2 protein chains.
Amino acid sequence: MERAVRELWAESRDLLGLGSPSPDDTAAASAVPRADLPPTPLAFLRDHVSPGRPLLVSAAGTRHWPAASLWPTASYLTDALRSTAVSLHLTPDGRADALAPHPHPGRPGSSSAPKCFASAHVRRVDFPTAVRLIRGSDPAAGVVAYAQQQDDCLRGEYAAVAGDVDAHVPWASEALGSLPEAVNLWIGNAHSVTSFHKDHYDNIYVVVSGEKHFLLLPPTEHHRLYVRDYPAAHYVAEEKDTDGEHQVRLKLEMEEPGRIVPWSSVDPCPGSPEEMAAQASSFPLYFDGPAPIRCTVRAGEMLYLPSMWFHHVSQSPGPNGLTIAVNYWYDMQFDIKYAYFNFLRSLEIDDCSSGEAGALEGDLEEKND
Amino acid sequence: MERAVRELWAESRDLLGLGSPSPDDTAAASAVPRADLPPTPLAFLRDHVSPGRPLLVSAAGTRHWPAASLWPTASYLTDALRSTAVSLHLTPDGRADALAPHPHPGRPGSSSAPKCFASAHVRRVDFPTAVRLIRGSDPAAGVVAYAQQQDDCLRGEYAAVAGDVDAHVPWASEALGSLPEAVNLWIGNAHSVTSFHKDHYDNIYVVVSGEKHFLLLPPTEHHRLYVRDYPAAHYVAEEKDTDGEHQVRLKLEMEEPGRIVPWSSVDPCPGSPEEMAAQASSFPLYFDGPAPIRCTVRAGEMLYLPSMWFHHVSQSPGPNGLTIAVNYWYDMQFDIKYAYFNFLRSLEIDDCSSGEAGALEGDLEEKND
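This one's a predicted model, so the numbers in the text were calculated from it and none came from an experiment. (Residues numbered from 1 in each chain as written. Chains lettered and ligands numbered in written order. Predicted model: local features only at pLDDT ≥ 70, side-chain atom pairs only at ≥ 80, totals over all residues. Heavy atoms only, no water.)

A.B. asks: So, helix α10 (residues 336-346) of chain B: which residues are in play, and what are the values?
C.D. replies: Along an α-helix, residues three or four positions apart point the same way, because every turn accommodates 3.6 residues. With nine of its 11 residues buried, α10(B) lies for the most part within the structure. Every buried residue of α10(B) is accounted for by B:I336, B:K337, B:Y338, B:A339, B:Y340, B:F341, B:N342, B:F343 and B:L344. Along its buried surface, α10(B) packs onto α1 (2-15) and α10 (336-346) of chain A together with α1 (2-15), α2 (41-49) and β18 (310-316) of chain B. Regarding α10(B), its N-cap is B:D335, as a side-chain oxygen of that residue lies 3.0 Å from the backbone nitrogen of B:K337 further along. (Buried < 20%, exposed > 50% of the residue type's maximum accessible area, 1.4 Å probe, protein only. Helix = DSSP H or I, 4+ residues; strand = E, 2+ residues; numbered from the N terminus. Contact = heavy atoms within 4.5 Å. Polar contact = N/O pair within 3.5 Å; in protein donor to acceptor, adjacent residues only side chain to side chain.)

The following block contains the structure:
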């Protein structure tokens, strides 16, 4: 089975024109196709949506957006959203919706290091405060703030500035036969990272300020992500006034009632050599397999990310200290590709069974507390 | 594994909007989508090519073809092609490119009934003679003739009448971004049958006279076809003049040097109750699984058959005694769907291992002759 799956990886990369680089290849070896101009709807559908092939469109596609010139300036957004309350996601380390050490790791002496799926502490603050907290975000200080809400927030909380970008992506809407289901805004700094996951949407991701760095794996490489069940937890804020200074400390608590989230076990950029060694030995299909496809999206550029592609995202701020991005989620077509994916996912391959243990064990410990 | 594959069958039919009928459902339960008018290129690409979903277009799409009125008349084609030599495929039973009993079945007393892959005897005759032989075709007389040649023959042998149909299918060419790789003409009577197979082309199949009856299975149902390796054979003609009458007798001979053809073992319409019982017990995944999708294409109608779909075709003649059809083969896109198909095909499921034995055994016997 493992040999058949590895052949699937190689053939799908080959057919997608993405090469099949060895783990130590450089980024250039497997690049996302680039277009200087937005594609026609027909070419987009035929060459990208139908085969499931990403596309990076140059800044020519968004040059007409007022946001392209207005949003990167220091004061425009804080003026326009002066009295607007927005959802700010707070974590100690910039890793929301990601695995974190289980707060109650169970039996002492257990060899496993159980993990949980940690969601951010979400707080509604006025936009200027949000920007101040984002700019000052630093894991060393114990708080990283990320303004985002995946609920069509550009047309909700940020409606006052939604007119600064196109309401939809015309060539994508015509190709896909629908308008976006959601348009989301994302504002953070270099410390916010999005862990490997996939979305059930066709995604057009546009960077307005700074850069986004994507690691991509096609859906055929599902097994390399070691998706496992993890118990859900969320950060809660403990507030304290010390020496006249207001301090927030974020603490992880298991959700009650318990909830299980299937999530990728792989952290492609672990923080220490020890963690890297542990990852590499636990998840060989990822670390010994073909390198992920790397794609940096610069200000003005748009990335078409096909539905069901796994992506890990980190970012660099622009001169304003912020990474600002807008994404358009279009309903995906559930077709024969989706049926094949579910079939693939239902199969176990030998190497996968050696994945991270202890997650559910930790959950049971939690329930027994 | 078998359970996962059966779930794939059900889910892909469900997502394609083709239902998942039980074996005894009527034809109406899983019908090919119909369109009164030809689709726009974008809708065709989005709703049919990309998801891999067939489409039947009404006769409105070909009403402007001169062939629609000219070809069904008795004398037009024989006049226009009076002195044209065409390729006529001769078999004793109308089953070219199909399994047939191995002419040298090996050890006496062997319980298996080895088969081979039998190709027609191809003869170049003038078109009026071809039509006479096709009209008189009858397995009872030992010869069935089918005018066809899958080598772009409409623009080759039949160039004199190629202008009677559109040179390509405009909405398909625009959607697929290319002109047809081949345009083929098919003229036969009710006795010619095409056995289950798939093509590496996107296919637009147009009936001009009579009707074509398709049995369809999506590529996800590969294992139900019991594709096995068979040694290749071809019919040769033995001519005899008896009592002033010229007679042709077709005899099957193994190809030399030997050649192996992977082909479906399943005959969905066996000729006798005994053969039906043998088929049903040898190929349970086909006979006990979901019913094939049935689609009759009537004169003037066009069937879009997505690449890699398995199809079995039988036919009924029009008032002129002939079934006449034209098909346009477009190069398919080898994309992630194709990679998934190859992966699926590489997997063995338990029930399949009980498939027809003896094919290769027969081949070895042949080589030892």
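Next comes the rest of the account.
A.B. asks: Explain the interface of chain B and chain A to me, and be specific about the residues and the numbers.
C.D. replies: Each partner contributes to the interface: chain B provides 36 residues, whereas chain A provides 36 residues. Carbon and sulfur atoms make up 70% of the area that chain B and chain A hide from each other, which totals about 3200 Å². Interface area lost by chain B to chain A is led by B:I336, B:Y340 and B:F343, which between them contribute 23%. Counting across the chain B and chain A interface gives eight residue pairs in polar contact (both at pLDDT 80 or more). Of all elements in the fold, only α1, α2, α7 (170-176) and α10 of chain B reach the threshold of two or more residues within the side of chain B that touches chain A. (Buried area = accessible area lost by both parts, 1.4 Å probe.)

A.B. asks: If you had to explain the relation of the copies chain B and chain A to someone new, which residues and values would you point to?
C.D. replies: Under the fitted operation, chain B is carried onto chain A by 0.0 Å of movement along the axis and a turn of 180°, and the coordinates agree to an RMSD of 0.0 Å. Seen this way, the second copy is the image of the first under a two-fold rotation axis. The C-alpha atom lying nearest the rotation axis in chain B is that of B:S50; the distance is 2.3 Å. Interface overlap between copies is the fraction of interface residues in one copy that are interface residues in the other; for chain B against chain A it reaches 100%, indicating a shared surface. (Least-squares fit on C-alpha atoms with pLDDT ≥ 70 in both.)

A.B. asks: Could you give an account of the packing of aromatic side chains, naming the residues involved and the relevant values?
C.D. replies: Within the structure shown, the criterion is met by 28 aromatic pairs over all chains. Taken together, a centroid distance of 5.3 Å and an interplanar angle of 80° make the contact between A:Y205 and A:F214 edge-to-face. A:F214 carries the same exposure label as A:Y205, and that label is buried. Pairing B:W65 with B:Y328 gives two aromatic rings, centres 6.4 Å apart and planes at 65°, and the pair type is edge-to-face. (Phe/Tyr/Trp six-rings, centres within 6.5 Å; stacked < 30°, edge-to-face > 60°.)

A.B. asks: An account of unusual backbone geometry is needed here, citing residue identities and associated values.
C.D. replies: A cis geometry characterises the amide bond from A:E256 onward to A:P257, with omega recorded as -5°. Position of A:P257 among the secondary structure elements: in the loop between β14 (245-254) and β15 (260-264). Residue B:M308 is not a glycine yet carries a positive backbone phi of 75°. If you trace the backbone, B:M308 turns up in the loop between β17 (302-305) and β18.

A.B. asks: Summarise the side chain of A:T62; cite the residues concerned and give the values.
C.D. replies: Residue and element names in this part refer to chain A. Structurally, T62 is set in the loop between β2 (55-57) and α3 (66-70). Classification of T62 as buried rests on a relative accessible area of 3%. Apart from residues no more than four positions distant in its own chain, T62 is found in contact with A68, V206, G300 and M302.

A.B. asks: With reference to specific residues and values, describe the sheet that holds strand β16 (residues 293-298) of chain A.
C.D. replies: Residues and elements named next belong to chain A. Spatially, the five strands line up as an open sheet ordered β4-β10-β18-β12-β16, and their pairing is mixed. Each end of this open sheet is capped by a strand with a single partner; those strands are β4 (95-96) and β16. Strand direction decides the pairing type here: strand β10 (residues 193-197) and strand β18 (residues 310-316), joined by two bridges, are antiparallel. In the strand pairing of β18, T194 is matched with V313. (Pairing = 2+ DSSP bridges.)

A.B. asks: Go over the UniProt feature "domain: JmjC" (unreviewed entry) in chain A with me, naming the residues and quoting the values.
C.D. replies: The UniProt entry lists residues 145-345 of chain A under the feature "domain: JmjC" (unreviewed entry), expressed in the numbering used here. For residues 145-345 of chain A, the helix share is 17%, the strand share is 44%, and the end-to-end C-alpha distance is 34 Å. (UniProt positions renumbered as here; feature names shortened; annotations may be inferred.)

A.B. asks: Describe helix α5 (residues 127-135) of chain B, with residues and values.
C.D. replies: Of all the positions in α5(B), only B:F127, B:T129, B:A130, B:V131 and B:I134 are classed as buried. Residues of α5(B) that are buried sit in contact with α4 (76-80), β3 (85-91), β7 (121-126), β8 (144-148) and β9 (182-188) of chain B.

A.B. asks: Kindly report on the sheet that holds strand β4 (residues 95-96) of chain B, identifying the contributing residues and their values.
C.D. replies: Picture the strands of a sheet paired through backbone hydrogen bonds; they go either parallel or antiparallel. Residue and element names in this part refer to chain B. Taking strand neighbours across the sheet as the criterion, the five strands line up as β4-β10-β18-β12-β16 in an open arrangement whose pairing is mixed. Each having just a single partner strand, β4 and β16 (293-298) make up the two edges of the open sheet. Strand direction decides the pairing type here: strand β12 (residues 211-217) and β18, joined by seven bridges, are antiparallel. Paired with L217 across the bridge in β18 is F310.

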